Amino acid sequence: MEEFTSVFLMLLLVAGALAVLHVRNLFVATMLLSAVSFIMALIFVMLDAVDVAFTEAAVGAGISTVLYLGTLALVGPHEKSSTKKTALPLLLSLAVGGVLIYATFELPTVGSPDTPVQTSRLTDRFLNESPKEIAVPNIVTAVLASYRGFDTFGETTVIFTAGIAVLLILSQVRGRREEDVAIEESTTPQSDLTAEEDTSLQASPHDLVPHVVSKLLIPFVLLFGFYVQFHGDFGPGGGFQAGVIFAAGFILYSLVFGLEYTKKLLPLRLVEFFLAFGVLLYGGVGVVSMLKGGNFLDYNLLLASPVAGQHLGILLVELGVGITVTAAMLAIFYGFAGRSETNNKSGA
Amino acid sequence: MSSLFTQAPILAIILPLLSAPICALFRGATFPWALTTIVSALSFSFSLDLLFHVAEYGAISYEIGGWAPPWGIEYIADPLSAFVMMVISGISTGVLLYARESILKEVPASRLGFFFAAYLLALAGMMGITITGDAFNIFVFLEITSLSSYVLISMGAGTDRRALTAAFQYLIVGTIGATFILIGVGLLYVMTGTLNIADIASQFDTIADTRPIRAAVGFLMVGFAIKLAMFPFHIWLPNAYTYAPNIVTAFFAGTATKVSVYLMIRFIYSMFGADFSFGELPLTTILMPLAVVAFLSMSVVAIFQDNLKRLLAFSSVAQLGYMILGIALASETGLTASILHIFNHAIVKTGLFLTVGAMFYVTGSTYLKDLAGIGQRMPITTFGFVLGGLALIGVPLTPGFISKWYLVQGVLERGDAIGYGLAIAMLISSLFAVIYIWRIVELAYFKPSPEGAPTGEAPLTLIIPCWIFIFGSFYFGIETSMSVGFAETAAKFLMGAVK
Amino acid sequence: MFFDHFYYWITVILFVIGLYTVMSRSNLIKKMIGLSLFQISVFLFYITMGKIEGGTAPIIIDQPDVVYSNPLPHVLILTAIVVGVATTALGLALVVRIKEAFDTIDEEEILQMEETK
């Protein structure tokens, strides 16, 4: 039965991907991509990767889709029919695919317990020693935050980079004579994005149902975010998923009640502060362990007992991840949403 | 050794990494720039420390999180990685000395906090790629570098909107390259069950003769080739270098592609082994023709450019061809030449881009038509450019000559007709370089300035760093024992590692 | 034989579709969508290799003889997903600015404009 389900999902995946390639309406393509991500999340669950499934659903089907839709609102949904030559790209991608197919014939059988991956001493230690060394039931969290904590620090930095990158790109002033305008504006960089009162920006004041529903919903979204953040040691979840959910709560608020109100609640400057703070918190844990005489991110030294130190370290770095991810998602959303408002104002 | 030194491998990376968020919190032009410069200089001093230490006592391993490899992530400072780190952080520091005046012309002061944060992230990312001993960690730091590069390049949009399309094109191509590397790492992992480079290398002989490994080598090589703008994957580079802000171009010209060259050397020699790469796989027959076509065709293309930055960008693709040729020779001399050329070309090309940046500072353009007669208008800067150009061509007493000398020795060591053919091809390519540099000299000194063209030298804060690089170019062309010594140690280390 | 490599083949098919979309479409958003597909296929490749027959998610439970799937590929892909969304955000931000600067997001039209300028 499980095999049939997975074959069915896989074929659905391929059908979805082909449809994405085929459709000309970019809204449709975006929604199909979101569906593909969601099917992928289901497949990840069947492959026992619950944490990954959670993230794929939140990011691939959630945040990415919001970003695409936000962009499409600014650039329009129609794809012009392409006159580009398609023979060479097709040949190239098929050739690359051919190399992969060629490789698969000597790959270990899927699901077999004797593959190098399963018998590796890495796997052995993560599965058998980490319950004693780190004592966190969710091994993904243990590996993510401790054994390979530096990768996760890098990942936090990547999301920080994306946050400041989007703000840098989208806060540039519109139009071709950018230099002149930019200098005038340079003293108050985001003046157009912050406290400007404009009642027209309040999204749909008459939609009573969304207002009421979201007012009821948002506290639970945020609560769930906290749960995912702090329950990541025991079940699927952790800083990244929590950050996305938390940001989703604010984005929902912003979509229903308007960007201005959200910005009063959480000004851009504060979001920027949190964006940096999360990275500094994560790195700070590493620096403290260095000051205690260990290596960077060696949580064993944080407290008297190594296991307690690991717990504290993981808690703090996950918090750092959660804060930076929330702030980065909000920064990116502010960037895109703010862009559409400035465009509306300039009458474009 | 002091305890600070035992932490040097990680400090060289986390100092810039953790300074980036601090930088991002500040507005105004001065503080972010000062912080970035100081941090970069500190990183440079740690790299130098490491370099001198490993050259004498051998490689250092640093276990991040206190987890021993292969379970945790390991940093390895060895003669090659320490050398490349020294080049990256050194170039970065030199460029930053110049950056303050130059960048204000192109990016509004209010964005400089974020701008320098992105700069620090690019620096930390490249340093992290170089020193890490973990295959997946390479991917993570590669993406930090890539994302910050995309945004740094797009900051040229204040001058020319084409910076945006250049950044987007680089984003698409770069992401494909990074994903290829991710697949390559995945194939290695599925066959070995480990991610540590040394650990994979120790098991490599037993699994080398399998299809997934051959595919992994292919994917990794194509991924690196895309990232290092190796011909024919170079399409993104000329646009990116032309439209990026000047200091970004100068910084990347000396570092970004070099890191990918380093990765290629690292994987071929430390992981796959020279015997496997050049014996069982036909890497020489693939890389060598591409390298030759790169330095011949791109030098010709460079001659016909109408934008000085673009001209130098195509020259960079050509120079990368020399480095690839050195790798493909599969000999100690060839490898020494490649590693040496990483250093020499970085100094020369960064110096050239900085002088071009000074011309832009005064004239507001890098198009050749606007630079006519620049020799009379900006004599000191132009003279610097000409000297840098000589170093690029590789006249004796310049570093370009030294690395080409080693490369010619390397190709002649083959002792066959192909070797002589390669030497002749290198000579022809150098003649093309003479032509494109001469074109600029002619334009600068023998053409009248356009009417009403801005005249006057760039401020000293720009000229002095330019001349540091130009002076360095000649210093390392005459006093070669240090650079050649380190490159030879690194090459011996790599050839010794594969036995 | 068929089921042994079925997952990998699906990965390859998605990979090819994604790569082809990136290379053959001139609409910049479509390119980004293709890039996302392309990256998703690699996620599946990694997760597949961690799967163990009859295994369960790698969250320790107090029961004898439980087989856990390999957690390491999951960790790697969590990181890769984050990198993916970061790239998407940056790419789309560039698309928005390109639209404003060139008034089109069609690669060929932009190339024509760049040449004529």
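For the structure itself, look to the data block above.
Along each chain, residues carry numbers from 1 onward, in the same order as the chain's sequence is written. For naming, the first written chain is A and the first written ligand is 1, with later ones following in the order written. For this predicted model, a pLDDT threshold of at least 70 governs which residues receive local features, and a threshold of 80 or more governs which side-chain atom pairs are given and counted, while totals over whole chains, interfaces and linings are taken from all residues. Neither water nor hydrogens contribute to the side-chain values; these are computed over all heavy atoms in the structure.

## Considerations on the overall build of chain C
Here is step 1 of the chain: To qualify as a helix, a DSSP run of H or I must reach at least 4 residues; to qualify as a strand, a run of E must reach at least 2; elements of each kind are numbered from the N terminus. Scanning chain C from terminus to terminus reveals 4 helices and 0 strands.
Here is step 2 of the chain: Ordering the α and β elements of chain C from the N terminus gives α-α-α-α.
Here is step 3 of the chain: In this setup the radius of gyration rests on C-alpha atoms only. A globule is expected at 2.2 Å times the number of residues raised to 0.38. By the compact-globule yardstick of 13 Å for 117 residues, chain C is too spread out, its C-alpha radius of gyration being 20 Å.
Here is step 4 of the chain: Along the first, second and third principal axes, the C-alpha set of chain C runs to 70 × 30 × 15 Å.
Here is step 5 of the chain: Relative to its full complement of 117 residues, chain C shows a buried share of 75%.
Here is step 6 of the chain: As displayed, chain C has an accessible area near 3,200 Å², and 56% of this comes from carbon and sulfur atoms.
Here is step 7 of the chain: A residue counts as positive if it is Lys or Arg and as negative if it is Asp or Glu; His and the chain ends are not included. By convention, charge coordinates are those of NZ in Lys, CZ in Arg, CG in Asp, or CD in Glu. With 7 positive and 12 negative side-chain charges, chain C shows a spacing of 7 Å between the two charge centroids. Here the term buried applies to any residue with accessible area under 20% of the maximum for its type, exposed to any over 50%, and partly exposed to those in between, with areas from a 1.4 Å probe on protein chains only. Reported accessibility uses the Shrake-Rupley method at a 1.4 Å probe radius. Residues are deemed covered only where the shown protein chains occlude them.

## Overview of unusual backbone geometry
Here is step 1 of the chain: The peptide bond linking B:Pro69 to B:Pro70 adopts the cis configuration, its omega dihedral lying at 5°.
Here is step 2 of the chain: Structurally, B:Pro70 can be placed in the loop between strand S1 (60–63) and strand S2 (74–77).
Here is step 3 of the chain: With an omega of 5°, the peptide bond running from B:Phe231 to B:Pro232 counts as cis.
Here is step 4 of the chain: You can see B:Pro232 is positioned in the loop between helix H9 (211–227) and helix H10 (236–243).
Here is step 5 of the chain: Phi is positive for A:Leu297, which is not a glycine, with a value near 65°.
Here is step 6 of the chain: Within the fold, A:Leu297 resides in the loop between helix H13 (268–291) and helix H14 (306–345).
Here is step 7 of the chain: The residue B:Leu397 is not glycine, and still its phi comes out positive at about 75°.

## Overview of the interface of chain B and chain C
Here is step 1 of the chain: Two residues qualify as a contact provided that any one of their heavy atoms is within 4.5 Å of a heavy atom in the partner residue. Counting residues at the interface gives 30 residues for chain B, matched by 35 residues for chain C.
Here is step 2 of the chain: Summed over both partners, the accessible area (1.4 Å probe) lost when two parts come together is defined as the buried area. Buried area between chain B and chain C, summed over both chains or domains, comes out near 3,000 Å², and the portion from carbon and sulfur atoms is 81%.
Here is step 3 of the chain: Definition used for salt bridges: Asp or Glu carboxyl oxygen within 4 Å of a side-chain nitrogen of Lys or Arg. If you look at where chain B meets chain C, you find 0 salt bridges.
Here is step 4 of the chain: What qualifies as a polar contact is a pair of N or O atoms within 3.5 Å, subject to a donor-acceptor requirement within protein and to the restriction that residues adjacent in sequence count only when both atoms come from side chains. The tally of links between chain B and chain C comes to 5 residue pairs in polar contact (both at pLDDT 80 or more).

## A few points about the interface of chain C and chain A
Here is step 1 of the chain: With 81 residues of chain C in contact, the opposing surface of chain A contributes 102 residues.
Here is step 2 of the chain: Run the count over chain C and chain A and you get 4 salt bridges.
Here is step 3 of the chain: Here C:Arg25 ties to A:Glu79 by a salt bridge, and the two come within 3.9 Å at their closest N and O atoms.
Here is step 4 of the chain: At the junction of chain C and chain A, the tally comes to 22 residue pairs in polar contact (both at pLDDT 80 or more).
Here is step 5 of the chain: Among the elements of the structure, helix H1 (2–24), helix H2 (28–50), helix H3 (71–102) and helix H4 (107–116) of chain C are those that each provide at least two residues to the side of chain C that touches chain A.

## A closer look at the pattern of salt bridges
Here is step 1 of the chain: Inspection of the entire model under this criterion finds 20 salt bridges over all chains.
Here is step 2 of the chain: The salt bridge involving A:Arg121 is made with B:Asp199; its shortest N-O contact spans 2.8 Å. A residue pair is termed interchain when its members come from two chains, as with A:Arg121 in helix H6 (residues 121–133) and B:Asp199 in helix H8 (residues 197–207).
Here is step 3 of the chain: B:Asp199 gets classed as buried once you look at its relative accessible area, which sits at 9%.
Here is step 4 of the chain: Linking A:Asp151 and A:Arg148 is a salt bridge whose minimum nitrogen-to-oxygen distance equals 2.7 Å.
Here is step 5 of the chain: Judged by relative accessible area, A:Asp151 falls into the buried class, the value being 1%.

## Thoughts on the environment of C:Val42
Here is step 1 of the chain: With respect to the secondary-structure elements, C:Val42 resides in helix H2.
Here is step 2 of the chain: A sequence separation of 30 residues divides C:Val42 from C:Val12, and the C-alpha atoms of the two residues are 8.7 Å apart.

## Structural notes on the pairing of S1(B)
Residues and elements named next belong to chain B.
Here is step 1 of the chain: Residues of S1 alternate between two faces, with Ile60 and Tyr62 buried on one and Ser61 and Glu63 left unburied on the opposite face.
Here is step 2 of the chain: Strands qualify as paired when DSSP identifies two bridges or more between them. When S1 meets S2, the two strands line up antiparallel, connected through 4 bridges. Bridged to Ile60 within S2 is Ala77.

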